[in-house]
Amino acid sequence: VKKFAEEMNLNYTLAWTAKKEYAELLKISKFNAIPQSFLVNRDGQLLGIYTGGDPATIMKLKDHVSKTVNE
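Computed from a prediction, not measured in an experiment: that's the story for all the values here. Numbers given to residues run from 1 along each chain, matching the order in which its sequence is written. Side-chain atom pairs in this predicted model are given and counted only at pLDDT of 80 or more, local residue features only at pLDDT of at least 70, and totals for whole chains, interfaces and linings cover all residues. Side-chain measures here rest on the full set of heavy atoms in the structure, leaving out hydrogens and waters.

A closer look at the pattern of salt bridges
For side chains bearing opposite charge, pairing can occur when the charged atoms are close.
Part 1: Should a side-chain nitrogen of Lys or Arg be within 4 Å of a carboxyl oxygen of Asp or Glu, the pair is scored as a salt bridge. By the definition in use, this model includes two salt bridges.
Part 2: As a salt-bridge pair, Glu-7 and Lys-3 come within 3.8 Å of each other at their nearest N and O atoms. Note that Glu-7 and Lys-3 are positioned in helix H1 (residues 2-7) at a spacing of four residues, about one turn of the helix. Taken individually, Glu-7 and Lys-3 each receive the classification exposed, so the pair is uniform in this respect. Comment: elements are numbered from the N terminus, with helices defined as DSSP H or I runs of at least four residues and strands as E runs of at least two. Residue burial is assigned from relative accessible area. The probe radius is 1.4 Å, only protein chains are included, and a residue is buried under 20% of its type maximum, exposed over 50%, and partly exposed in between.

Structural notes on the side chain of Gln-36
Part 1: Tracing the backbone shows Gln-36 in strand S1 (residues 36-40).
Part 2: The definition of a polar contact used here is a pair of N or O atoms within 3.5 Å, where within protein one atom must be able to donate a hydrogen and the other to accept one, and adjacent residues in sequence count solely through side-chain atom pairs. Among the polar contacts listed, one links the side chain of Gln-36 to the backbone oxygen of Phe-31, at a separation of 3.0 Å.
Part 3: Polar contacts involving the side chain of Gln-36 include one to the main-chain carbonyl oxygen of Ala-33, which spans 2.8 Å.
Part 4: The contact criterion used throughout is that any non-hydrogen atoms of two residues lie within 4.5 Å. Excluding residues that lie within four positions of it along the chain, Gln-36 makes contacts with Tyr-22, Leu-26, Ser-29, Phe-31, Tyr-50 and Thr-51.

Observations concerning unusual backbone geometry
Part 1: Phi is positive for Asn-9, close to 55 degrees, though the residue is something other than glycine.
Part 2: Topologically, Asn-9 is positioned in the loop between H1 and helix H2 (19-29).
Part 3: Take Asn-9: its relative accessible area is 67%, and that puts it in the exposed class.

A closer look at the pairing of strand S2 (residues 46-51)
Where a strand is regular, its side chains alternate between the two sheet faces.
Part 1: Both S1 and S2 contribute to a ladder of five bridges, which runs antiparallel. Residue Gln-36 lies in a different strand from S2, and its bridge partner there is Thr-51.
Part 2: Note: two strands are recorded as paired if DSSP finds a minimum of 2 bridges between them. Hairpin connection, S1 to S2: the antiparallel pair is bridged by five residues, and Gly-44 has positive phi, about 85 degrees.

What about the environment of Asn-41?
Part 1: Its location among the elements puts Asn-41 in the loop between S1 and S2.
Part 2: Separated by 24 residues in the primary sequence, Asn-41 and Val-65 place their C-alpha atoms 9.1 Å from one another.
Part 3: In this structure Asn-41 touches Leu-47 and Thr-68, once residues within four positions along its chain are discounted.
Part 4: A polar contact is formed between the side chain of Asn-41 and the backbone nitrogen of Asp-43, at a distance of 2.9 Å.
Part 5: Here the side chain of Asn-41 touches Gln-45 through a polar contact of 2.7 Å, side chain to side chain.

Structure (structure tokens):
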């Protein structure tokens, strides 16, 4: 995960979770695979779920993160 973050030049936290928490996240995303990203704002609100790692998904995630950080 750390190498991926460095290669993608990500400036936000990535996490790997235990099985129990992962199962709860799957209930939310309805996507049984990785990668998947959950964008949560400072108030704890879920703003987006991004599944897969294709370039279009990565761009959507980066754009949404940038907009969220700058709000």
